[in-house]
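Here are the chains, one letter per residue:
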Amino acid sequence: LPLQDVLLCEKITARLEPTGVPEPRLLLTFFRRRGRGVSQVVLGRVDTVLDADQIAKGLTASGGRAIPAIRELFGDQAIDASGAMDRNHMRARIFADTGAKRQLEHVIHPLIQQAMTAAITEAPTDIVVCDVPLLVESAHWRSRCQQIWVVDCLPETQIQRVMARNGFPAEQVKAIMQQQATRLQRLAAADVVIYNETLTLTELSAEVGGHLEQLAI
């Protein structure tokens, strides 16, 4: 299976505990890349999908709600010629300065949560798939989860897959991983672990589909 067709990083899936709020029960899914894999299987079974990365891109696009605060915190150099956040500039900045990373998260994360909560409440389906990066690190989402799935692979494989996907050098990938939850932390948070080191797409689909069927999805 070509690298571009497999899962490129850890993936986490969680289901929300029903609450008194009139909203659907949720299937939260953390995907590191678009395309085929767990996402393909899940999206074939669930109609409503909310993508936190796409929401973040909208918030940081020209005219996005996060742009004024980003400009105030980081200066005009953080905004590109189109009026959007300069992602390359900010990526370099937050990996050189953890304080800057926290500042950016404090701007963007509450806006993402607001947008997703509103979309969840208005969803016409009983099941909603939310693509939520950094689920293990997020107290907001993790506290609401009834079950967490982790699709795991060796760290060396994760590095190679990210390099193939994004074209980043190995040292940059390692720096990114160091600022995220560790493999052990992800596994410790998991109710279900799917080991995706050598699975073909067919094998992965069968395993994920079996777990979804156990949840009656």
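Residues numbered from 1 in each chain as written. Predicted model: local features only at pLDDT ≥ 70, side-chain atom pairs only at ≥ 80, totals over all residues. Heavy atoms only, no water.

Draft legend 1. Summary view of the confidence of the model for the protein. For the protein, per-residue confidence averages 76 on the pLDDT scale, and 76% of positions sit at 70 or higher. For the stretch residues 30-36, pLDDT sits under 50, and the model shows 33 contacts to residues farther than four places along the chain or on other chains. (pLDDT = per-residue confidence, 0-100. Contact = heavy atoms within 4.5 Å.)

Draft legend 2. Fine view of the packing of helix 3 (residues 67-74) against helix 5 (residues 98-122). Interhelical geometry of helix 3 versus helix 5 gives an angle of 160 degrees and a closest axis separation of 10 Å. When the interaxial angle is binned, helix 3 and helix 5 end up roughly antiparallel. Where helix 3 crosses over helix 5, the two elements pack in a sense that is right-handed. Every residue of helix 5 that contacts helix 3 at Ala-69, Ile-70, Leu-73 and Phe-74 is listed here: Ala-100, Gln-103, Leu-104 and Val-107. (Axes fitted to C-alpha atoms, helices over the stretch in contact; angles between N-to-C directions. Helix = DSSP H or I, 4+ residues; strand = E, 2+ residues; numbered from the N terminus. Parallel < 35°, antiparallel > 145°, perpendicular 65-115°, else oblique. Left-handed = near helix turned anticlockwise from the far one by under 90°.)

Draft legend 3. Examining the nonpolar core more closely. Core analysis: the biggest nonpolar cluster contains 27 residues, and Ile-70, Leu-104, Ile-108 and Met-116 have the highest contact counts within it. Residue assignment for this core shows that the elements contributing at least two residues are helix 2 (52-59), helix 3, helix 4 (87-96), helix 5 and strand 4 (127-131). The dominant element in this core, judged by the number of residues it contributes, is helix 5, at eight residues. Dropping the residues within four chain positions of it, Ile-70 is found in contact with Thr-60, Gly-75, Ala-78, Ile-79, Met-85, Leu-104 and Val-107. Listed in part, the eight residues of the second largest apolar core include Ile-194, Leu-199, Leu-204 and Val-208. (Core = buried A, V, L, I, M, F, W, Y, C linked by side-chain atoms within 4.5 Å. Buried < 20%, exposed > 50% of the residue type's maximum accessible area, 1.4 Å probe, protein only.)

Draft legend 4. Spotlight on the environment of His-109. As for its placement among the helices and strands, His-109 is situated in helix 5. Looking at His-109, the relative accessible area reads 35%, which means it is partly exposed. C-alpha of His-109 to C-alpha of Ser-138: the two residues are 29 residues apart in sequence and 9.6 Å apart in space.

Draft legend 5. Inspection of the pattern of salt bridges at higher detail. Across all of its chains, the model carries four salt bridges by this definition. The salt bridge partner of Lys-101 is Glu-105, with a shortest N-O separation of 2.7 Å. Of this pair, Lys-101 and Glu-105 both sit in helix 5, separated by four residues, roughly a single helical turn. Linking Lys-174 and Glu-171 is a salt bridge whose minimum nitrogen-to-oxygen distance equals 3.7 Å. Here Lys-174 pairs with Glu-171, and both are found in helix 8 (residues 170-178), just three residues apart, close to one helical turn. With relative accessibility at 35%, the residue Lys-174 sits in the partly exposed group. (Salt bridge = Lys/Arg side-chain N within 4 Å of Asp/Glu carboxyl O.)

Draft legend 6. Up close: the side chain of Arg-161. Inspection of the secondary structure assignment puts Arg-161 in helix 7 (residues 155-166). Despite its burial, Arg-161 pairs with no opposite charge, the nearest such side chain being Glu-197 at 5.3 Å. A distance of 3.3 Å separates the side chain of Arg-161 from the backbone oxygen of Glu-197, its partner in a polar contact. (Lys, Arg positive; Asp, Glu negative; His and termini not counted. Polar contact = N/O pair within 3.5 Å; in protein donor to acceptor, adjacent residues only side chain to side chain.)

Draft legend 7. Spotlight on the environment of Ala-52. Residue placement: Ala-52 occurs in helix 2. Considering only alpha carbons, one finds Ala-52 and Ala-115, 63 residues apart in sequence, at a separation of 9.0 Å. Residues in contact with Ala-52, not counting those within four places in the same chain, are Ile-112, Met-116, Asp-131, Val-132 and Pro-133.

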